[in-house]
Amino acid sequence: MVAQPAGDSSIQVSACLDHQALERFLIWIRPLQQALSLEAERGFSDLEGRKERFHCFMQRELATPPEIPLPGDVSPRLQSFADGFADYASLGDAARRRQVTVVRQWLHALRQRLEPSAPMAPPRLKVAQRSTSATATSSSVPALESPLGQVRGIGPKLAERLASLGLLLVRDLIQHYPRDYVDYSALRRIDALVPGETATIVATVRRCHGFTSPRNPNLSIIELQLQDPTGRIKVTRFLAGKRFSNPSYLHGQTRQYPNGATVAVSGLVKSGPYGISFQDPLIEVMESAQAPLRSSRIGRLLPVYPLTEGLTADRFRSLIERVLPSVRLWPEPLPRVRREARQLLSREKALVAIHRPESSEQLQQARHRLVFDEFLLLQLGLMQRRAALKQRSAPCLRITSDRDGLMGRFLTLLPFEFTTAQQRVLAEIESDLDRAEPMARLVQGDVGSGKTVVAVAALLKAIEAGWQGAMMAPTEVLAEQHYRSLCGWMPPLHVTVELLTGSTPQKQRRRILSDVASGACKILVGTHALLEDPVAFFRLGLVVVDEQHRFGVRQRNRLLGKGLQPHLLTMTATPIPRTLALSLHGDLDVSQIDELPPGRTPIRTAMITGSNREEAYELIREEVEKGQRAYVVLPLVEESEKMDLRSAVDVHRQLADEVFPDLQVGLLHGRLASADKQAVIKAFACGETSVLVSTTVVEVGVDVPEASVMVIDHADRFGLAQLHQLRGRVGRGAAASHCLLINDSRNPLARQRLEVLVRSTDGFEIAEMDLRLRGPGQVLGTRQSGLPDLALASLADDGSVLEEAREEAADILREDPELRDHVILSRLLDEQRSRVTSAAQLN
């Protein structure tokens, strides 16, 4: 471990090196500081570079500093740091974080000690305050609900272009927030300009020259030679068009920049053959170096908007300026007392500042307020829905003795004992079922944690109390898997189970519907077929929805509508990070099965390249010879012209004909008929086929304890949470299991994502990383997932604001459950519900 630098007074003593020694020192220290920063940004994962891992690089570089006259205390300290990195790979996250932080701080202090004093600070730039919305006259302010075609300066063609962006009303245009900002507020001296950054300089004109390009008579050029106390720079403006090549026009342009005039220049700094310059500079002549800037762009944070064809950035910014006075008409949903308690800007100021920020701090405050509002409405809606649900009456499933009842007998029939986590979650469910208000509970559990048996125990409690149960799965494969499990467990308990899917024959379907309606069928398992109108239950008491994030909210509600108000138990094996859980399931109680059954052998995960595919095939052969089985998973069913990826059909053919001609190789994908899918899975489960080539249809539900190898081709094409699900198909027996990720992508981020999976088996850690790396829409799929409709907020980055808004929503509803004193909030909630029903949460 590395010692803390606290108390290391020697680092404070100033020292300096000659120019050549300083250059060698900087060449050595910069890569070290960059590597430490990158390691910190990527979560202290011991990054893998082109040649070696982070800890090897640090160990080598710290042990071999440049041969320059360093202070006497530096070399021993560097050696102790180098020795500390020898054990870095075996340290936990907290210890890694501590080690990286200590070394970063010490190297920063060393660099400050040896580098010469800081360069001259830039001058202070005064930016003229722009008028706010309050300055516009009432008659000129368009109403928020006015069509954009009625706004002055917006004709039918422009209104049509704006409509293609979904902008129809003044309100829509104001809520079309910038996607980014160009920061011209960074004021620099000329010698401090860095290529690739946007910056502003204030300098004096030394010479100005205007001429027409000798190669292109329609291109005129104005060159300015500028100077400040630290250096000189040439700034070039290009004027394209015949009218600009007129000599008198050019002369008039150059006269705007007389020698000795002070100018402010903003733009992207670039490096060229003649040194540093600006690309497409914005230039304003100032009355003096102390005078305020009049420009709406120079020296400011310039908003960048999502645009459409035929609409330029400058034109769009002018449209925003035209409607911005209307923000004064925007209703303020939060009382002043609540705003001040949370230190929030007013809604009006926030809307102005998000489009016209005067500083980075003001932009942060504006964004915070608008994100807070989005999350507040979301949480209020969820909490109101939860409160409304609790007002309804549900069947009370309290029974006198469970030990001799169906649930108790079921638990004794199982060949294993429940884990502590399973017992805790079952107790929470039982407590809910004993009440007369509807249960709404989500059970989260990692792959193989035993959620299904807990759900079956809950169903048996409902049946014991004289009610029916329904179990709904997103795919036929998973529904049939549940049905087979129940068929193994229910006969000794004399409980009838039926399966209803889209492919159930008509005659059988009629019989099942009749049994469900009469109450003869106690448990009905199925897919979307359970939602169809002919399915009518006699007494539906409990609904279990598996892999619930794959269903839309309307589907779930239709099933709930088939009972008086049945209890709802939803399950997911896809761990959901806290911010997503609060957003998607804010109206649910959440239980977590955070313990795997004993006897499970950890799965060994490794990443290999396509050129080492033979290693994977060798491992498959070894495991099959031991009596085990293997999966080979691919992202595509058939070869695609658009993507250069191996497909399941092609790989199945190759493995069956060339690699494993002596083994039976199965093929499973979503396009197979239901009966064919079941035949393939059955053949694999009973050992007729040893290798199963599949698409992600095996992601959920296929349970084969003898499977010990999972090979995932083109692993970079899958999300982390999905890969974790696929990996969970193996490791279900006592044998050691393996997961091989084949990755040919050169994208370093793809490799970084897969490294998380190699390093961790914790589903929640993996889900958090997936959310951060890919965003919530990618993690959970599209609209179907029930993601909230957020314009500005990010579920990955704004977790703290979400928690704050959740607290505020709870506080408001505690004081005012009907929102009678918060009329504007109530109206906004109603508008949100009617506008985007598809954005309602799935739970």
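A quick note: this is a predicted structure, and the numbers were derived from the prediction, not measured. (Residues numbered from 1 in each chain as written. Predicted model: local features only at pLDDT ≥ 70, side-chain atom pairs only at ≥ 80, totals over all residues. Heavy atoms only, no water.)

S.K.: What's the story with the overall build of the protein in this structure? I'm lost.
M.R.: Helix and strand counts for the protein stand at 27 helices and 20 strands. In the protein, which comprises 843 residues, the share counted as buried stands at 52%. Long-range pairs, those at least 24 residues apart, make up 74% of the contacts in the protein between residues at least 6 apart in sequence. By element, 49% of the accessible surface of the protein is carried by carbon and sulfur atoms, the whole surface being about 39600 Å². (Helix = DSSP H or I, 4+ residues; strand = E, 2+ residues; numbered from the N terminus. Buried < 20%, exposed > 50% of the residue type's maximum accessible area, 1.4 Å probe, protein only. Contact = heavy atoms within 4.5 Å. Areas by Shrake-Rupley, 256 points an atom, 1.4 Å probe, with all protein chains shown as cover.)

S.K.: What am I meant to see in the sheet that holds strand 16 (residues 629-633) here?
M.R.: Sheet strands associate in pairs through backbone hydrogen bonding, adopting either a parallel or an antiparallel arrangement. Taken in spatial order, the 6 strands line up as 15-20-19-16-18-17 in an open sheet, and their pairing is parallel. Each edge of the sheet is formed by a strand with only one pairing partner; in this case those strands are strand 15 (603-608) and strand 17 (665-668). Pairwise comparison of adjacent strand axes, ignoring direction, gives a mean angle of 20 degrees for this sheet. Pairing of strand 17 with strand 18 (residues 691-694), which is carried by 4 bridges, proceeds in the parallel orientation. Each residue of the ladder has a partner; that of Val665, found in strand 18, is Val691. (Pairing = 2+ DSSP bridges. Axes fitted to C-alpha atoms, helices over the stretch in contact; angles between N-to-C directions.)

S.K.: Would you mind going over the confidence of the model for the protein with me for this structure?
M.R.: Any segment with low pLDDT has predicted coordinates that should not be analysed in fine detail. Residue-level pLDDT values for the protein average 81, and 85% of them are 70 or greater. Note that residues 640-644 has pLDDT below 50 and, in this model, 3 contacts with residues that lie over four places away or in other chains. Across residues 779-787, where pLDDT falls below 50, the model places 36 contacts with residues more than four positions away in sequence or in other chains. (pLDDT = per-residue confidence, 0-100.)

S.K.: Help me understand the packing of helix 13 (residues 420-433) against helix 14 (residues 451-464), please; the structure alone is not making it clear to me.
M.R.: Any two packed helices are characterised by how steeply their axes cross, that is the angle between the axes, and by the distance between the axes. Between helix 13 and helix 14, the least distance of the axes is 10 Å, while the angle of their chain directions is 30 degrees. Judged on the interaxial angle alone, helix 14 and helix 13 are roughly parallel. In this structure, helix 13 crosses over helix 14, and the sense of that crossing is right-handed. Between helix 13 and helix 14, the contacting residues are Gln422, Val425, Leu426, Ile429, Glu430 and Leu433 on the first element and Val453, Val454, Ala457, Ala458 and Lys461 on the second. Looking at the contact of helix 13 with helix 14 residue by residue, the class counts come to 8 nonpolar, 1 polar and 2 charged. (Parallel < 35°, antiparallel > 145°, perpendicular 65-115°, else oblique. Left-handed = near helix turned anticlockwise from the far one by under 90°. Nonpolar A, V, L, I, M, F, W, Y, C, P; charged D, E, K, R; others polar.)

S.K.: Hey, could you run me through the packing of helix 3 (residues 74-84) against helix 4 (residues 93-114) in this one?
M.R.: Taken N-terminus to C-terminus, the directions of helix 3 and helix 4 make an angle of 155 degrees; their axes are 11 Å apart at the nearest point. Viewed along their axes, helix 3 and helix 4 adopt a mutual orientation that is roughly antiparallel. Pair helix 3 / helix 4 crosses with left-handed handedness. Residues Val74, Arg77, Leu78, Phe81 and Gly84 of helix 3 form the contact with helix 4, whose own contacting residues are Gln99, Val102, Val103, Trp106, Leu107, Leu110 and Arg113. Taken together, the residues of the contact of helix 3 with helix 4 sort by class into 8 nonpolar, 2 polar and 2 charged.

S.K.: I'm lost on the packing of aromatic side chains in this one. Help?
M.R.: Centre-to-centre distance and the angle between the planes together describe a pair of aromatic rings. Throughout the structure, instances matching the rule amount to 10 aromatic pairs. Their ring planes at 45 degrees and their centres at 6.1 Å tell us that Phe25 and Trp28 sit as a pair that is tilted. Taken as a pair, Phe25 and Trp28 lie in helix 1 (residues 19-41) at a separation of 3 residues, close to a single helical turn. Both residues of the pair, Phe25 and Trp28, count as buried. (Phe/Tyr/Trp six-rings, centres within 6.5 Å; stacked < 30°, edge-to-face > 60°.)

S.K.: Would you mind going over the sheet that holds strand 12 (residues 540-545) with me for this structure?
M.R.: Ordered by their spatial adjacency, 7 strands build an open sheet running 10-11-9-12-13-8-14, and the pairing between neighbours is parallel. Here the strands that pair on one side only, and so sit at the sheet edges, are strand 10 (497-500) and strand 14 (589-593). Strand-to-strand, the axes of this sheet are offset by a mean angle of 20 degrees, without reference to chain direction. As defined by bridge partners, strand 10 adjoins strand 11 (residues 523-526) across 4 bridges and the pair is classed as parallel. By the bridge assignment, Val497 is partnered in strand 11 with Ile523. Here helix 16 (residues 506-518) sits on the sheet and contacts strand 9 (468-472), strand 10 and strand 11; the angle it forms with strand 10, its principal contact strand, is near 130 degrees.

S.K.: Teacher, can you tell me more about the nonpolar core here?
M.R.: Counting 56 residues, the largest nonpolar core has Leu162, Phe375 and Leu376 as its most contacted members. Secondary-structure elements contributing two or more residues to this core are helix 5 (156-163), helix 6 (170-174), helix 8 (313-323), helix 10 (347-355), helix 11 (360-391), helix 26 (799-815) and helix 27 (823-835). Among the elements that make up this core, the one with the highest residue count is helix 11 (12 residues). Setting aside its immediate chain neighbours within four residues, Leu162 contacts Leu148, Ile154, Leu167, Leu311, Phe316 and Leu319. (Core = buried A, V, L, I, M, F, W, Y, C linked by side-chain atoms within 4.5 Å.)

S.K.: What is the right way to read the pattern of salt bridges from this model?
M.R.: Any two side chains of opposite charge can pair if their charged atoms end up close together. Scanning the entire structure with this criterion turns up 34 salt bridges. Between Lys234 and Glu223 there is a salt bridge, and its shortest N-O distance comes to 3.6 Å. You can see Lys234 sitting in strand 4 (residues 231-240) and its partner Glu223 sitting in strand 3 (residues 219-228), a full 11 residues away along the chain. Overall, the relative accessible area of 33% leaves Lys234 in the partly exposed class. Salt-bridge contacts for Arg339 lead to Glu332; the nearest nitrogen and oxygen are separated by 3.7 Å. Here Arg339 falls in the buried class, since its relative accessible area comes to 13%. (Salt bridge = Lys/Arg side-chain N within 4 Å of Asp/Glu carboxyl O.)

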